[in-house]
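Close look at the chain arrangement
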Amino acid sequence: MPRAHAPHEAISPLHVLAPVRGLVEEAAEPRADRYRYFKSLFGTELHEAAAIRCGLVERASGDLRATPPGLDLYERHLRHLPDMAANYWHDQPHVADAVKEINRTYDQATTETPTT
């Protein structure tokens, strides 16, 4: 994700992964908190918008849910992560590949879709 241009300079790839993982786990266990991995001073809005732009999350009936690509990303890279805030996922297996994937997807979506 480009960090040189606002508002995207505050977007952390790890914090884009966090709501994807939380939404998948909340769908499986409704008592789960979709934001339990999300600990960012910049809030959730930019990161959720990035996850939507990447096609990992969508709005449905006024709420958010993971899309099939989000579920696939979860199965391949996120389900094995420790049960701790995304801030601490940096050195975990699978994270580097997941970050590369969402960076590539985000860059493609940004190129294909003008920002408003």
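Here, the structure is the one placed above.
So, here is what we can say about the structure in this document. Nothing here was measured: the structure is a model prediction, and the numbers come from that model. (Residues numbered from 1 in each chain as written. Predicted model: local features only at pLDDT ≥ 70, side-chain atom pairs only at ≥ 80, totals over all residues. Heavy atoms only, no water.)

1. Re the overall build of the protein chain
Defined as follows: Numbering of helices and strands runs from the N terminus; a helix is a DSSP stretch of H or I covering at least four residues, while a strand is a stretch of E covering at least two. Buried means the residue's accessible area, taken with a 1.4 Å probe over protein chains only, is under 20% of the maximum for its type, while exposed means over 50%, and partly exposed covers the values in between. Two residues qualify as a contact provided that any one of their heavy atoms is within 4.5 Å of a heavy atom in the partner residue. The method behind every accessible area is Shrake-Rupley, applied with a 1.4 Å probe, and residues are considered shielded solely by the protein chains displayed.
Across its full length, the protein chain holds four helices and two strands. From first element to last, N terminus to C terminus, the protein chain shows the α and β order α-α-β-β-α-α. Looking at the protein chain as a whole, 44% of its 116 residues qualify as buried. Put simply, 59% of the contacts in the protein chain that link residues at least 6 apart link residues at least 24 apart. Here the protein chain has roughly 6,700 Å² of accessible surface; of this, 52% comes from carbon and sulfur atoms.

2. Comments concerning helix H4 (residues 95–112)
For the α-helix, the turn length of 3.6 residues means that residues three or four positions removed from each other point alike. Going by this rule: The span you would expect from a helix comes to 1.5 Å times its residue count less one.
The end-to-end C-alpha separation of H4 is 25 Å, in line with the 26 Å expected for 18 residues at 1.5 Å each. For H4, the full list of buried residues reads Val95, Ala98, Val99, Glu101, Ile102, Asn103, Tyr106 and Ala109. On its buried face, H4 sits against helix H1 (13–28), helix H2 (45–53) and helix H3 (68–78).

3. Topic: the pattern of salt bridges
Defined as follows: A pair is scored as a salt bridge if a Lys or Arg side-chain nitrogen falls within 4 Å of a carboxyl oxygen belonging to Asp or Glu.
Summed over the entire model, instances satisfying the criterion amount to 10 salt bridges. With a closest N to O distance of 2.6 Å, Glu58 and Arg65 form a salt bridge. The class of Glu58 is partly exposed, set by a relative accessible area of 29%.

4. What about the packing of H1 against H4?
Counted only if it meets this: Geometry is summarised by axes, namely lines fitted to C-alpha atoms with helices restricted to the contacting stretch, and by angles between N-to-C directions that run from 0 to 180 degrees. Geometric relationships in this document are graded by angle, where less than 35 degrees denotes roughly parallel, more than 145 denotes roughly antiparallel, 65 to 115 denotes roughly perpendicular, and other angles denote oblique. Classes in brief: Ala, Val, Leu, Ile, Met, Phe, Trp, Tyr, Cys and Pro nonpolar; Asp, Glu, Lys and Arg charged; the others, Gly included, polar.
It is the contact of H1 with H4, at a shortest axis distance of 10 Å, that shows an interaxial angle of 95°. Here H1 lies roughly perpendicular to H4, going by the angle between them. Contact with H1, carried on its side by Pro13, Leu14, Val16 and Leu17, involves Val95, Ala98, Val99, Ile102 and Asn103 of H4 and no other residues of that element. The residue inventory of the contact of H1 with H4, partitioned by class, reads eight nonpolar, one polar and no charged.

5. Some points on the environment of Gln108
Tracing the sequence through the fold places Gln108 in helix H4. Considering only alpha carbons, one finds Gln108 and Cys54, 54 residues apart in sequence, at a separation of 8.5 Å.

6. Considering the nonpolar core
Short version of the rule: Think of a nonpolar core as a cluster: buried Ala, Val, Leu, Ile, Met, Phe, Trp, Tyr and Cys residues, connected wherever their side-chain atoms sit within 4.5 Å.
Counting 28 residues, the largest nonpolar core has Leu14, Leu17, Leu56, Val57, Leu73, Leu78 and Trp89 as its most contacted members. Counting residues per element, the ones that place at least two in this core are H1, H2, strand E2 (63–66), H3 and H4. In terms of residues, this core owes the most to one element, H1, which gives seven residues. Apart from residues lying up to four places away in sequence, Leu73 is in contact with Leu17, Leu56, Leu78, Ala98, Glu101 and Ile102.

7. Section: the environment of Leu81
Mapped onto the elements of the fold, Leu81 is located in the loop between H3 and H4. With relative accessibility at 5%, the residue Leu81 sits in the buried group. Considered as a pair, Leu81 and Pro93 are 12 residues apart in the sequence and their alpha carbons are 7.7 Å apart. Leaving out residues up to four positions away in the same chain, Leu81 has contacts with Arg21, Trp89, Gln92, Pro93 and Val95.

By themselves, these observations are geometric and do not establish any function.
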